[in-house]
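Each chain, written out:
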Amino acid sequence: MEKSCSLLIHFDKGTPALANEIKEALEGNDDAAKVDAMKKANMLVLNGETIPQLFITIIRYVLPSEDHTVQKLLLLYLENIEKTDSKGKILPEMILICQNLRNNLQHPNEYIRGVTLRFLCRICETEIIEPLIPSVLANLEHRNPYVRRNAILAVNAIYKLPQGDNLLVDAPEMIEKMLTTEADQSAKRNAFLMLYTCSQDRAINYLLTHVDKVSDWGESLQMVVLDLIRKVCRTNKGEKGKYIKIILSLLTVPSAAVVFECAGTLVSLSSAPRAIREASNTYCQLLLTQSDNNVKLIVLDRLDELKSSHRDIIVDMIMDVLRALSSPNHDIRRKTLDIVLDLITPRNINEVVLTLKKEVVKTQSGELEKDGEYRQMLIQAIHSCAVKFPEVAGTVVHMLMDFLGDSNVASAVDVIVFVREIIETNPKLRVSIVTRLIDTFYQIRSARVCSCALWIISEYCLSLSEVESGITVIKQCLGDLPFYSASEDGDNNNNTNESVKRSPQVNAITVSSKRPAILADGTYATQSAASETTFSAPTLVQTTLNSGNLRSLLLTGDFFLGAVVACTLTRLVLRLTEVQTSKVEGNKSTTQVLLIIVSMLQLGQSSFLPHPIDNDSYDRIVVCLRLLCNPDEQIKKIWLQSCRESFVQMLVEKQQQETEEIKAKSQVLHAQPDDLIDFYHLKSRKGMSQLELEDEVQDDLKRATDDFVNEGDSANKLNRILQLTGFSDPVYAEAYVTVHHYDIILDVTIINRTKATLQNVCLELATMGDLKLVERPQNYTLAPESSKQIRANIKVSSTETGVIFGNIVYETSNVLERNVVVLNDIHIDIMDYISPAVCSDAAYRSMWAEFEWENKVAVNTVIQDEKEFLDHIIKSTNMKCLTPPSALEGYCGFLAANLYAKSVFGEDALVNLSVEKQADCKLSGYIRIRSKTQGIALSLGDKITLKQKGGA
């Protein structure tokens, strides 16, 4: 069994040092050789070698050495060697070192005294320590603070020994007297720490006696004071008022570590508004003054926790929190925006939006690489603000529309989605948004943004002028017809390739638009804009970057966009026939649109492009063609009304889902009827400060509303107990498994069911997967029919199903051989590490395309209903269904849904479920799992395979 040790040194076992070589080096007079030899001896001892023949050599030749390095290595050697025999008695030769240790404790050199005192902190043998106590106590009054602080540590370690209170009867009293006269801050910290651990009453008395001087103490001593306050207040909550005053006084000290601990202690001890306000102010100051990104993230986590429990107070700090956006780190910016968006109220919305607008303007400089990504985050934040408070939409929507042509496609998509939602929810802004969208449409270069913008134009251009402008801008962006010359279609590919390479003719035309420029202060200045549109020669295809955006995208073979253009023009012409009084003009527009649609069909079916038009796009374009040739009132109503009604319904469902999620988060447990409630007005206020009164009131309110979080339900605890051995085994064992993020704690109960004493009982554990045993449990002796609690800590490094296995080894007094009881395996479930999460459809698709690990599981279940099977998978995998309920309604014999979860390690788990009902009513299909790492994909696949049948 391995021993615990305080020293670990890397040792290359391939080149073992021989004891004879070490002995020769130690017997010489060269100090450098002795240093090297002592290092080798230490490494051998640490790796289990006893080498008893070296001990006398070291006593003779190393003890007298005056070299500090040799003396330090000597003390390490004495710490690591065995000092007792098999019966636990001190070895006789250990008496030889006592005189040397006494000499070291009286040595004129302060370093020798200090390292010897530190060495004594790790010695547990009373026989060695007892004769040295007078020398240790004498060092408490040494002139050098280095010696004094180590002497205090030695006294503390000796006093903690099983017989320490007999060896040093009045140690706490001596240390308390020393504390009052000590000037060195480190020595004072060590002395106060000893009082805190060994005589808490004396530590409290000293603290309350010197309350006024606490803020002047050193940083390390102040940290110990905060530890003491936390411990005292947990055991005696009635006295925490006077300690909170001490914490408030420490909030002004220059040490950032102390200030951070003070804020955390305040929040944990008190719910008084003043205390929470001081803590949140402290966090905000740390957020601005600290340069370390990790510190900022930790502080933001603390503010996020405060936000959930003390939202009304944190709301007032929202502008201070927003100042963290000055950090260039995107993780800090994202976390800051997440916190701020939950704190928005009608009172602060204008200030927040103004700040976000200024940040958006800053991203236009393009100085940083990830300005586009940051701009996308800001746009999403402004979108959320405008959805919650529609009145601010008008102040931001026009500014954001300048980014429709952003090179960052994701940012541009967020803008157009925002515009689409705002134009429906804010009727007053529709005219201005449509006008601005038509004016800036030619800037858009992304097919996805073009598609959404075209839909907005087709749905919200209602007046005659808007409809005509919409048709005009689309025609301009498509350029001249046809898209290719008829003669080219009959030419061979060589001629076609040559014609593509010819240079186009460029003509400058003035676009009737007013593009506002954004100034540095966020205001607008209007300027006229001219656009260069490229017109091809009669026999050339127009493919330059300066050509119309729709034409360029169509000539790359994007016929999905072509179908969207056809639908948009069709819808605009249908609406034009309603608002246009002149039939001649209406027929003229219809004819022009028909020409465009036919030209797109010709382009798609020509051999000019490498890929022909796809069937879906072809069918959609043909439907538009037929509708324009043969208008039908019923179909016309579907085109002009039903699509928009569906969009409105989608927004309503989205709002309802968000409302339900907010309600689910805000649900709190109710107090029990027989819980004790203290009434504030009946309290005695005698001798209580205002802060103490506030704290008492907040505690009462918490108790009344059951905000005091109870520990886990006892019924759930029983579910985590695993039986490790059989009832007939001589040693019975069971384990209670606690999974907490990166740690697994096994509380193993071992019961000796025999009538004999079991010696050297050892719990041997091993792990498989990304699990690591932190430390090996030690050996124990079990009396007949007695029990022992053993705790084992295991670290987890990834979301992968792991297995813990092992055995219990013991010896009996009458049998020399060791007995082994094999334990049942403990399987660590992946469900302990993943939790349901939400992400946008765009983010889901992006991760699905990016992740390389996929696990495909065939559906094999007795469940015959698709929706019931989906619910069963969601419950079994602890994932969130991202597919909206409206998309899952109805029965068509087929169901597809996306599920998403996130692990405590930040890993994403994506699941796509596609099932179809067969003729025999059985379900078939596949469940596809994707993740960035292999472990979570395999583990989730195993879990689904095990659970999908429906019986488990």
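**Student:** An account of the nonpolar core is requested, with residue identities and associated values reported.
**Tutor:** Grouped together as the largest cluster of nonpolar side chains are 215 residues, with contacts concentrated most on Phe192, Leu207, Leu356, Phe441 and Leu550. Per-element tally for this core: the top contributor is helix 32 (residues 559–579), with 12 residues. Dropping the residues within four chain positions of it, Leu207 is found in contact with Phe192, Val214, Trp217, Val225, Leu228, Ile229, Tyr243 and Ile246. Core analysis: the second largest hydrophobic core is formed by 30 residues, Val731, Val748, Ile750 and Leu758 among them.

**Student:** Before we move on, can you summarise the pattern of salt bridges with the specific residues and values?
**Tutor:** For the structure on display, the rule yields 28 salt bridges. Note that Glu359 and Lys362 form a salt bridge whose closest N and O atoms lie 3.3 Å from each other. In this pair, Glu359 and Lys362 both sit in helix 22 (residues 349–362), 3 residues apart, roughly one turn of the helix. Arg791 is the partner of Asp747 in a salt bridge, and the nearest nitrogen-oxygen pair spans 2.8 Å. Separated by 44 residues along the polypeptide, Asp747 in strand 7 (residues 743–752) and Arg791 in strand 11 (residues 787–796) bring together distant segments of the chain. The exposed category is assigned to Arg791, whose relative accessible area is 53%. Among the charged side chains, a salt-bridge network with shared partners connects Asp227, Arg230 and Glu261.

**Student:** An account of the packing of aromatic side chains is needed here, citing residue identities and associated values.
**Tutor:** Applying the stated criterion across every chain yields a total of 8 aromatic pairs. Ring centres 5.7 Å apart and planes at 20° place the aromatic pair Tyr206 and Trp217 in the stacked group. Of this pair, Tyr206 sits in helix 13 (residues 200–209) while Trp217 sits in the loop between helix 13 and helix 14 (219–235), and the two are 11 residues apart along the sequence. In this structure Tyr206 comes out as buried when scored by relative accessible area, which is 5%. A residue is classified by how much of its surface remains accessible, and Trp217, at 8% relative accessible area, is buried. A ring pair is formed by Phe727 and Tyr732, whose centres lie 5.5 Å apart and whose planes are at 10°; its orientation type is stacked. Through a chain of ring-to-ring contacts, three or more aromatic side chains come together here, namely Phe192, Tyr206 and Trp217. Sitting over the face of the ring of Tyr374, Arg333 holds its NZ or CZ atom 3.7 Å from the ring centroid. Lying over the aromatic face of Tyr926, Lys856 brings its terminal NZ or CZ to 4.4 Å of the ring centre.

**Student:** How would you explain empty space enclosed by the protein if you had to name every residue and give the values?
**Tutor:** Inspection of every chain in the model, using the stated rule, returns 2 cavities of 30 Å³ or more. A volume near 40 Å³ is recorded for the largest cavity. Looking at the largest cavity, the residues that line it are Leu724, Leu746, Val748, Leu765, Ile804, Phe805, Gly806, Leu823, Asn824 and Ile826. Breaking the lining of the largest cavity down by element, the ones donating at least two residues are strand 7 and strand 12 (802–812). The leading source of residues in the lining of the largest cavity is strand 12, at 3 residues. Along the lines of polarity and charge, the residues of the lining of the largest cavity split into 8 nonpolar, 2 polar and no charged. Roughly 40 Å³ of volume is contained in the second largest cavity. Listing elements by their share of the lining of the second largest cavity, those giving two or more residues are helix 4 (68–80) and helix 6 (110–120). Considering only residue class, the lining of the second largest cavity consists of 4 nonpolar, no polar and 3 charged.

**Student:** Lay out the environment of Ile613 in plain terms, naming residues and giving numbers.
**Tutor:** For Ile613, the location among the structural elements is in the loop between helix 33 (583–605) and helix 34 (615–629). Separated by 51 residues in sequence, Ile613 and Gly562 have C-alpha atoms that sit 9.6 Å apart.

**Student:** Outline the packing of helix 5 (residues 95–105) against helix 6, listing residues and values.
**Tutor:** Between helix 5 and helix 6, the least distance of the axes is 8 Å, while the angle of their chain directions is 130°. Put simply, helix 5 runs oblique to helix 6. Taking contact as the criterion, the partners of Leu101, Asn104 and Leu105 in helix 5 are, on helix 6, Ile112, Arg113, Thr116, Leu117, Phe119 and Leu120. Here the residues of the contact of helix 5 with helix 6 sort into 6 nonpolar, 2 polar and 1 charged.

**Student:** Go over the packing of helix 18 (residues 293–309) against helix 21 (residues 330–341) with me, naming the residues and quoting the values.
**Tutor:** Between helix 18 and helix 21, whose axes approach to 10 Å, the crossing angle comes to 15°. Classified by the angle their axes make, helix 18 and helix 21 are roughly parallel. Note that helix 18 runs across helix 21; the crossing there is left-handed. Judged by residue contacts, Asn293, Lys296, Leu297, Leu300, Asp301, Leu303, Asp304 and Lys307 of helix 18 engage Asp331, Ile332, Lys335, Thr336 and Ile339 from helix 21. Split by residue class, the contact of helix 18 with helix 21 holds 5 nonpolar, 2 polar and 6 charged.

**Student:** Let's hear about the pairing of strand 18 (residues 894–903): which residues, and what values?
**Tutor:** Inspection of the sheet shows strand 15 (residues 834–836) paired to strand 18 by 3 bridges, in the antiparallel sense. The partner of Pro836 across the bridge, within strand 18, is Ala901. Inspection of the sheet shows strand 17 (residues 880–881) paired to strand 18 by 2 bridges, in the antiparallel sense. The residue of strand 18 that forms the bridge with Lys880 is Tyr900. Judged from the 9 bridges that link them, strand 18 and strand 19 (residues 908–917) form a sheet pairing that is antiparallel. By the bridge assignment for strand 19, Leu895 is matched with Val915.

**Student:** Please give an account of the environment of Ser384 that cites residues and values.
**Tutor:** Within the secondary structure, Ser384 sits in helix 23 (residues 371–388). When the C-alpha atoms of Ser384 and Phe418 are compared, they prove to be 8.9 Å apart, with 34 residues separating the residues in sequence.

Thresholds applied
Residues numbered from 1 in each chain as written. Predicted model: local features only at pLDDT ≥ 70, side-chain atom pairs only at ≥ 80, totals over all residues. Heavy atoms only, no water. Core = buried A, V, L, I, M, F, W, Y, C linked by side-chain atoms within 4.5 Å. Buried < 20%, exposed > 50% of the residue type's maximum accessible area, 1.4 Å probe, protein only. Helix = DSSP H or I, 4+ residues; strand = E, 2+ residues; numbered from the N terminus. Contact = heavy atoms within 4.5 Å. Salt bridge = Lys/Arg side-chain N within 4 Å of Asp/Glu carboxyl O. Phe/Tyr/Trp six-rings, centres within 6.5 Å; stacked < 30°, edge-to-face > 60°. Lys NZ or Arg CZ within 6 Å of the ring centre and 35° of its normal. 1 Å grid on protein atoms, 1.4 Å probe; cavity = no way out; pocket = protein on both sides within 12 Å on 5 of 7 lines; lining within 4 Å. Points joined across faces, edges and corners; volume = space filled by probe spheres on them. Nonpolar A, V, L, I, M, F, W, Y, C, P; charged D, E, K, R; others polar. Axes fitted to C-alpha atoms, helices over the stretch in contact; angles between N-to-C directions. Parallel < 35°, antiparallel > 145°, perpendicular 65-115°, else oblique. Left-handed = near helix turned anticlockwise from the far one by under 90°. Pairing = 2+ DSSP bridges.

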